[in-house]
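# Structure at a glance
Below are the chains, spelled out letter by letter.
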Amino acid sequence: MFVRIQLIMLKEATSEEQTSAIEQVLTTMPEKIPGVVTWSIGHNINPMFPGDPLYQIIWQTTHASLRDLQVFNTHDFHREIVWPYLNKDDQRCIVQHHFTVIYETSNLETNI
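Predicted, not measured: the structure shown is a model, and the values here were computed from it. (Residues numbered from 1 in each chain as written. Predicted model: local features only at pLDDT ≥ 70, side-chain atom pairs only at ≥ 80, totals over all residues. Heavy atoms only, no water.)

## Section: the overall build of the chain
Within the chain, the secondary structure is distributed over three helices and four strands. When the elements of the chain are put in sequence order from the N terminus, they spell out β-α-β-β-α-α-β. At 14 Å, the chain has a C-alpha radius of gyration in line with the 13 Å of a compact globule built from 112 residues. Once the C-alpha set of the chain is aligned to its principal axes, its extents read approximately 40 × 35 × 20 Å. The burial tally for the chain puts 34% of its 112 residues in the buried class. Long-range pairs, those at least 24 residues apart, make up 73% of the contacts in the chain between residues at least 6 apart in sequence. (Helix = DSSP H or I, 4+ residues; strand = E, 2+ residues; numbered from the N terminus. Rg over C-alpha atoms; globule rule 2.2 N^0.38 Å. Buried < 20%, exposed > 50% of the residue type's maximum accessible area, 1.4 Å probe, protein only. Contact = heavy atoms within 4.5 Å.)

This is the structure in structure tokens:
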């Protein structure tokens, strides 16, 4: 399994409406792009850093294979719908900075 975690820092002038729009797009990605085993989206509530967190949105996806992850990253939906929010050269960009970590695990478990 390959886990992809993306930390998203929004621009200061980003409205609640714009924040909701990017969250909605991220939420619909697994329906539009094959190869996503699990996913989650949430807000950074790290108690170690009081006040506004540096990264506001945390977006996580899990993929069964590296190929599935590659398809996810290069899919038309990702490039045409999601990327404008992240691409600083696009006037629709609302993200100041984003940081992505990908790691491989063979023993992903959920303890609920």
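## Describing the pairing of strand S1 (residues 2–10)
Summarising burial for S1: seven of the nine residues are buried, a large majority. As judged from the seven bridges shared by S1 and strand S3 (residues 57–63), these two strands associate in the antiparallel manner. Bridge pairing in S3 links Gln6 to Trp59. Summarising the sheet, S1 and strand S4 (residues 95–104) pair through nine bridges and their orientation is antiparallel. Looking at S4, one finds that Ile5 is bridged to Val101. (Pairing = 2+ DSSP bridges.)

## As for the nonpolar core
With 20 residues, the main nonpolar core has Ile22, Leu26, Met29, Phe72, Val82 and Val95 as its most contacted residues. Mapped onto this core, the elements with two or more residues apiece are S1, helix H1 (16–32), S3, helix H2 (66–74) and helix H3 (76–86). (Core = buried A, V, L, I, M, F, W, Y, C linked by side-chain atoms within 4.5 Å.)

## Observations concerning the environment of Trp59
If you trace the backbone, Trp59 turns up in strand S3. Classification of Trp59 as buried rests on a relative accessible area of 0%. Separated by 51 residues in the primary sequence, Trp59 and Ile8 have C-alpha atoms spaced 7.9 Å apart. In contact with Trp59, not counting residues within four places along its chain, are Arg4, Ile5, Gln6, Leu26, Met29, Pro30, Trp39, Ser40, Ile41 and Phe72.

## Points about the sheet that holds S4
Pairing in this open sheet of four strands is antiparallel, and the strands run S2-S3-S1-S4 from one edge to the other. For this open sheet the edge positions go to strand S2 (36–43) and S4, each flanked by a neighbour on one side alone. Averaged over all neighbouring strand pairs, the angle between strand axes comes to 15°, with direction disregarded. In the packing of H3 onto the sheet, the strands contacted are S1 and S4, and the crossing angle to S4 comes to about 125°. (Axes fitted to C-alpha atoms, helices over the stretch in contact; angles between N-to-C directions.)

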